[in-house]
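Structure assessment
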Amino acid sequence: MAFLAFRDMKPFPQLLFSAFVIVVSFLAFLVISFLVALPVFGLDSMLNLPSLADLNDPESIVILKFFQTVQAIGLFILPPLILGYLFLGNTFKYLYLNKSFGGTTFLLVLVLMFAMSPFVNFLGVWNSNMSLPEWMSGIEDWMRKTEEDAAQLTEAFLNVKTLPGLAFNIFMVAFLPAVGEELLFRGVIQKIFTRITKSTHWGIWISAILFSAMHVQFFGFVPRLLLGAMFGYLLVWSGSMWLPVLGHFLNNAIAVIAMFFISNETISRDVEEFGSTSGSYYAAIISLGMIVMLLYLVKKENRGQQLTIEAIEKEG
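Now for a description of the structure that goes with this document. Because the structure is predicted, anything quoted here is derived from the model rather than measured.

Structural notes on the overall build of the protein chain
If you tally the helices and strands in the protein chain, you get 14 helices and zero strands. Starting at the N terminus and ending at the C terminus, the protein chain contains elements arranged as α-α-α-α-α-α-α-α-α-α-α-α-α-α. For 316 residues, the compact-globule estimate of 2.2 N^0.38 gives 20 Å, and the C-alpha radius of gyration of the protein chain, at 20 Å, lies within 12% of that figure. C-alpha atoms of the protein chain, sized along the principal axes, occupy 55 × 50 × 50 Å. Counting all 316 residues of the protein chain, 46% fall into the buried class. Within the protein chain, residue pairs in contact and separated by at least 24 positions form 75% of the contacts whose partners lie at least 6 positions apart. Total accessible area computed for the protein chain in this model is approximately 16000 Å², and 69% of it derives from carbon and sulfur atoms.

Given below as structure tokens:
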């Protein structure tokens, strides 16, 4: 009975309460992670946590990966599960985890995530070449430094030579973010903003903006924004959270596996630039056409499963 008050909560108070739960969960997991790490890594390691200067030290990478994994659980996975229970009394129903999708849709999304790479590469390079006015040069320098630090950390994480290392990176970089970020941004935040604005489109795009901003990588903001919006539409068109989770997982896993082969010199690093160079612009154009066609087919295949504003209000 004590939880019934949460189920009648209006969307804006839900947003504020969600932020509170996210912060508390993150801080709680941060404390727990330190307590767990102490006997594993030792007091000295905890008092002198590794930084970007320590990325050549294998033990430092292990410690950083440990905290990255714990953060994903405490910040993204646990809060939506708690909020789904408090807001509806049924976590799986609130987060649309109780619905599935067909094999044809699976294949369409699988092809989509491979087909979109050249266009995403093109957008990424275009976004990275953007510059702020001269009077904002200090802010731009800070943004580029932040971007470079994030890229350096990501490359250190993904630079593995063994299959077990690859498997853990797929778990840490692909599986956990796919589940956690989709549950939080599409399952909770998108639903709340859809109810506030009375529009599924506004709900999708506002949550996509927040999703991209959360990564604090300004020169990759646009492609990540469009990815977030696409995941939002996959949820609305299919009515199933598992579809954007699948898309998100495939997007991240493809990057992790590609980096594994690049690190082991099996394939050229040029694959990361396919679609973004003057000699491969045609690939970006073809990629965009395939994205539009495949998304249309996904929507058509799931006609009748779409989430309406009325259904979202009822389940909110």
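Right, picking up where we left off after that structure.
Considering the side chain of Asn 169
Tracing the chain through its elements places Asn 169 in helix α9 (residues 163-197). A residue is classified by how much of its surface remains accessible, and Asn 169, at 0% relative accessible area, is buried. Asn 169 has contacts with Lys 65, Phe 157, Leu 158, Val 160, Ala 174 and Val 256, leaving out every residue within four places of it along the chain.

Focus on helix α11 (residues 221-238)
In an α-helix, one turn spans 3.6 residues; hence positions three or four apart end up facing the same way. Look at α11: 26 Å from first C-alpha to last across 18 residues, which is about the 26 Å you get at 1.5 Å a residue. The element α11 is largely enclosed, with a buried count of 15 among its 18 residues.

Let's talk about the environment of Phe 193
With respect to the helices, strands and loops of the structure, Phe 193 is situated in helix α9. Distance in space between the C-alpha atoms of Phe 193 and Pro 11 is 7.5 Å, their sequence separation being 182 residues. Beyond its immediate stretch of four places on either side in the chain, Phe 193 contacts Leu 15, Gly 203, Ile 206 and Leu 210.

Some remarks on the nonpolar core
Ranked by size, the top nonpolar core spans 26 residues in total, and within it Val 109, Leu 112, Met 113, Met 230, Leu 234 and Leu 295 carry the most contacts. Those elements that provide at least two residues to this core are α6 (103-115), α7 (117-128), α10 (200-214), α11, α12 (242-263) and α13 (281-301). With nine residues, α11 is the single largest residue contributor to this core. The residues touching Val 109, leaving out its near neighbours within four places in the chain, are Leu 234, Leu 243, Leu 246, Gly 247, Leu 250 and Val 298.

Comments concerning the pattern of salt bridges
Within this structure, the stated rule accounts for three salt bridges. Of the charged contacts in the structure, one is a salt bridge between Lys 145 and Asp 149, with a shortest N-O distance of 2.9 Å. Of this pair, Lys 145 and Asp 149 both sit in helix α8 (residues 137-158), four residues apart, which is roughly one turn of that helix. A residue is classified by how much of its surface remains accessible, and Asp 149, at 22% relative accessible area, is partly exposed. Here Arg 186 makes a salt bridge to Glu 182, at a shortest N to O gap of 2.7 Å. One end of the pair is Arg 186 and the other is Glu 182, both in helix α9 and four residues apart, which spans about a single turn. For Arg 186, a relative accessible area of 1% translates into the label buried.

Overview of the packing of aromatic side chains
Under the definition given, this model contains 16 aromatic pairs. Aromatic pair Phe 17 and Phe 20: ring centres 6.2 Å apart, planes at 35°, arrangement tilted. Highlighted residues: Phe 17 and Phe 20, both in helix α2 (residues 11-41), separated by three residues, approximately one helical turn. Seen in terms of ring centroids, Phe 260 and Phe 261 are 5.6 Å apart; in terms of plane orientation they differ by 65°. Their pairing is edge-to-face. An aromatic cluster is defined as three or more aromatic residues linked by ring pairs; in this entry it consists of Phe 6, Phe 17, Phe 20, Phe 87 and Tyr 94. Of note, Arg 7 hangs over the ring of Tyr 85, and the distance from its end group to the ring centre comes to 5.7 Å. The ring of Phe 219 has Arg 144 lying over it, and the distance from NZ or CZ to the ring centre is 3.9 Å.

So, α10
Taking 1.5 Å of rise per residue, the 15 residues of α10 would be expected to cover 21 Å, and the 21 Å separating its terminal C-alpha atoms lies within 8% of that figure. Residues of α10 that are buried: Thr 200, Gly 203, Ile 204, Ser 207, Ala 208, Phe 211 and Ser 212. Here the buried residues of α10 occupy an arc of 155° about the axis, which is enough to place them on one side. The inward-facing, buried residues of α10 contact α9, α11, α12 and α14 (309-315). Two or three places before His 201, at the opening of α10, Ser 199 has a side-chain oxygen 3.3 Å from that residue's backbone nitrogen.

What counts, and at which threshold
- Residues numbered from 1 in each chain as written.
- Predicted model: local features only at pLDDT ≥ 70, side-chain atom pairs only at ≥ 80, totals over all residues.
- Heavy atoms only, no water.
- Helix = DSSP H or I, 4+ residues; strand = E, 2+ residues; numbered from the N terminus.
- Rg over C-alpha atoms; globule rule 2.2 N^0.38 Å.
- Buried < 20%, exposed > 50% of the residue type's maximum accessible area, 1.4 Å probe, protein only.
- Contact = heavy atoms within 4.5 Å.
- Areas by Shrake-Rupley, 256 points an atom, 1.4 Å probe, with all protein chains shown as cover.
- Expected span 1.5 Å × (residues − 1).
- Core = buried A, V, L, I, M, F, W, Y, C linked by side-chain atoms within 4.5 Å.
- Salt bridge = Lys/Arg side-chain N within 4 Å of Asp/Glu carboxyl O.
- Phe/Tyr/Trp six-rings, centres within 6.5 Å; stacked < 30°, edge-to-face > 60°.
- Lys NZ or Arg CZ within 6 Å of the ring centre and 35° of its normal.
- Arc of directions from axis to C-beta.
- Polar contact = N/O pair within 3.5 Å; in protein donor to acceptor, adjacent residues only side chain to side chain.

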